[in-house]
Amino acid sequence: MPTSRSTPPLVLKDLKIDPDIFEKIPAKFACHYKVIPIKFEDGTLTLAIEDPLDLIILDDISLFLGLKIEPVSASRADILEAIREHYGLGAETIEEIINTGEMAGEIKLAVSKTEDIEGLAEDASIIKFVNQILVQAVKDSSTDIHIEPYEDELKIRYRVDGILYDIPIPQNIKYFQSAIVSRIKIMAGLDIAERRLPQDGRIKIRVGGEELDLRISILPTQFGESVDIRLLSGKMLYSLENLGLSLSNLEMLEKLIRKPHGIIFVTGPTGSGKTTTLYSCLSKINSKDKKIITIEDPIEYQLKGVTQIQIHPRIGLSFATGLRSMLRHDPDIMMVGEVRDFETAEITIRVALTGHLVFSTLHTNDACGGITRLLDMGIEPYLVASPVECFIAQRLVRIICPHCKVEKKPDREILREFGIENNLNDIAIYEGKGCESCKFTGYKGRTAIYEFLLMSGEISGLLLQRASSDQIKKKALEQGMHTLRMDGWEKVKKGITTINEVIRVSEED
């Protein structure tokens, strides 16, 4: 008999369900009726359904399966999540493609300039499956989608808050690997016949009224083509005040970006938020009376009122050649996406010496390492000491989920490893227990931690003597520089992030 609506709904994630039971109900059937099988005993199938008193649906299911049905109540969100977890993302689409015998070569792929992918492809097809991957990634606040072929499987992973997570997908998806890649290539305007060389492209889509820019990178591997899709949205642009800067660092940065000339270098590994910081700086100082030009690879966000150039090394447009041409456009402020070699570094420095304010990035582990990196490229110490105003190192740390945030007793060993020895009993730290809002990770969203190295007279003196980065760091600490870990510790004390997060992304001081 159907259960009463007053019966408390089951929490499906707390149940251990036998995987074999999902063979009782096809994926398309489970998705259509929004049900999930829980157990099968004595010819009776127990199903979780949002409304256990909906006799029409229950009769349909019983007639289709030829089984006695015992309904139990569960929330719609829990059921949909359980379907995705147990059957896999897009399982009903793949199941119908197989059942209808639709072949990859017969699939019609139509693409417009900007696709509203939520409203496309009602029929089962690879188009619909790729759209499901993209829509779910947007809903999960992913920054990247990885489609990775292996010998006996195809994996799809989302990067959320800097961490990669496997996405449950149907096992038979591996048979549609080529069709999935071909669909993405056509959306991005790439050559579907070329499978031996890497390719890069972009796609503009609309999901839920929000327009996103997707950057596509395709690499040939041993078992097929691997795809990385980076999701970029205008909502990712931040103001300086929302970057996570401490009050002192914010005041320091606002003074630096108001200078008439000089170079500000932002350093850190790939994916540490350097470009976002630079764009925030440009947005802050962008005005009608200033000419701002950037040269980037790639252009990640479009800034109104800023002239942006995309490099094309294959046709000879590199950072160095672009910089030379930019000077003839009478700029006040310039941004160089990345200083990678001696030629780019030398031109960037000489541009700053001619009275321009320049922003750029370097790949180093800390702020002091930026000096060493430039010297290693072959730049003379006096050319670094004169125009460079500041090196800013940064990392991204995950924010504790506000919905499941609880106070935690400090682990003395971890605190000592972190360099905290005194007043351990007076320290309150927090963590996230894990909840539906944060998908049981304990974290939701990210912020940045920073390390500012100002090029003071004493620091410049050490640079001219070609002192090591350790010696420069020691002097900077004496002058009050806060390292990444020190800035991270301040955010731990404020309950923004956890010690483990700061340790994960930063080196020991």
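Positions within a chain are numbered from 1, following the residues in the order the chain's sequence is written. Only residues with pLDDT of at least 70 are given local features in this predicted model, and only at 80 or more are side-chain atom pairs given and counted; all residues enter the totals for whole chains, interfaces and linings. The side-chain figures draw on all heavy atoms in the structure; neither hydrogens nor water molecules are used.

Details of the nonpolar core
Step number 1: For this analysis, a nonpolar core means a set of buried residues of the types Ala, Val, Leu, Ile, Met, Phe, Trp, Tyr and Cys, connected via side-chain atoms within 4.5 Å. When a residue's accessible area, from a 1.4 Å probe over protein chains only, is under 20% of the maximum for its type it is buried; when over 50% it is exposed; and in between it is partly exposed. Core analysis: the biggest nonpolar cluster contains 52 residues, and Phe265, Ile371, Leu374, Val384, Phe391, Leu453 and Ile472 have the highest contact counts within it.
Step number 2: Element by element, the count of residues in this core is highest for helix 11 (residues 367-377), at 6 residues.
Step number 3: Dropping the residues within four chain positions of it, valine 384 is found in contact with Leu374, Leu375, Ile379, Phe391 and Leu463. Under the scheme used here, helices are H or I runs from DSSP no shorter than 4 residues and strands are E runs no shorter than 2 residues, and both carry numbers assigned from the N terminus. Residue contacts are defined here by distance: any two heavy atoms, one from each residue, within 4.5 Å place the two residues in contact.

Here's the deal with the packing of aromatic side chains
Step number 1: Note on aromatic pairs: the rings of Phe, Tyr and Trp (six-membered ring only in Trp) are paired at centre separations within 6.5 Å, and the planes decide the class, stacked below 30 degrees, edge-to-face beyond 60, tilted for the rest. By the definition in use, this model includes 3 aromatic pairs.
Step number 2: Judged by centre distance (5.5 Å) and plane angle (10°), the rings of phenylalanine 265 and phenylalanine 391 are stacked. Of this pair, phenylalanine 265 sits in strand 11 (residues 262-267) while phenylalanine 391 sits in strand 16 (residues 388-400), and the two are 126 residues apart along the sequence. Note on accessibility: phenylalanine 265 and phenylalanine 391 belong to one class, buried.
Step number 3: Geometrically, the ring pair formed by tyrosine 279 and tyrosine 301 is edge-to-face, given 5.3 Å between the ring centres and 70° between the ring planes. Linking tyrosine 279 in helix 8 (residues 274-285) with tyrosine 301 in the loop between strand 12 (292-296) and strand 13 (307-310), this pair joins segments that are 22 residues apart in sequence.
Step number 4: Assessed through its relative accessible area of 0%, tyrosine 279 is described here as buried.
Step number 5: What makes tyrosine 301 buried here is its relative accessible area of 6%.

Structural notes on the sheet that holds strand 19 (residues 443-454)
Step number 1: Strands are treated as partners if at least two bridges between them are detected by DSSP. On the basis of which strands lie adjacent, the open sheet formed by 7 strands has the order 13-12-14-15-11-16-19 and mixed pairing. Each of the sheet's edge strands pairs with one partner strand only, and the pair in question is strand 13 and strand 19. Strand after strand, the sheet turns through a mean of 20° between neighbouring axes, direction not considered.
Step number 2: Bridge count for strand 14 (residues 333-336) against strand 15 (residues 357-362) is 4 bridges, and the pairing is parallel. Residue pairing for strand 15: isoleucine 333 is matched across the bridge by leucine 357.
Step number 3: Packing against the sheet, helix 7 (residues 247-256) makes contact with strand 11, strand 15, strand 16 and strand 19, and its axis sits at approximately 60° to strand 19. Axis lines are fitted through C-alpha atoms, for helices just across the contact stretch, and the angle between N-to-C directions can take any value from 0 to 180 degrees.

Thoughts on a negative patch on the surface
Step number 1: Within the patch definition used here, like charges are joined within 9 Å and nonpolar side chains (Val, Leu, Ile, Met, Phe, Trp, Tyr) within 5 Å, considering only residues with over 30% relative accessible area and no salt bridge. The method behind every accessible area is Shrake-Rupley, applied with a 1.4 Å probe, and residues are considered shielded solely by the protein chains displayed. By salt bridge we mean one thing: a side-chain nitrogen of Lys or Arg within 4 Å of a carboxyl oxygen of Asp or Glu. Two residue types count as positive, namely Lys and Arg, and two as negative, namely Asp and Glu; His and chain ends fall outside the count. In plain terms, the charge of a residue is placed at NZ if it is Lys, CZ if Arg, CG if Asp and CD if Glu. A contiguous patch of negative charge, built from Glu151, Asp152, Glu153 and Asp166, is present on the exposed surface.
Step number 2: Residue class for aspartate 152 comes out exposed when judged on its relative accessible area of 55%.

A short note on the packing of helix 11 against helix 15 (residues 469-478)
Step number 1: Relative orientation of the contacting elements helix 11 and helix 15 amounts to 145°, with a least axis distance of 9 Å. Note that helix 11 runs across helix 15; the crossing there is right-handed. Between helix 11 and helix 15, the contacting residues are Cys368, Ile371 and Thr372 on the first element and Ser469, Ile472 and Lys473 on the second.
Step number 2: Partitioning the contact of helix 11 with helix 15 into residue classes produces 3 nonpolar, 2 polar and 1 charged. Crossings are classed by handedness, with left-handed meaning an anticlockwise turn of the near helix from the far one by less than a right angle and right-handed meaning a clockwise turn. Asp, Glu, Lys and Arg are counted as charged, while Ala, Val, Leu, Ile, Met, Phe, Trp, Tyr, Cys and Pro are counted as nonpolar; the rest, among them Gly, fall into the polar class.

Remarks on the sheet that holds strand 2 (residues 44-49)
Step number 1: Overall, mixed pairing links the 3 strands, which are arranged 1-2-3 in an open sheet. The two strands at the open ends of the sheet, each matched to only one other strand, are strand 1 (35-41) and strand 3 (68-73). Between one strand axis and the next, the sheet turns by 30° as a mean value, whatever way the strands run.
Step number 2: Bridge count for strand 2 against strand 3 is 6 bridges, and the pairing is parallel. In the strand pairing of strand 3, isoleucine 49 is matched with serine 73.
Step number 3: The sheet strands contacting helix 2 (residues 55-65) are strand 1, strand 2 and strand 3, and the helix crosses strand 3 at an angle near 140°.

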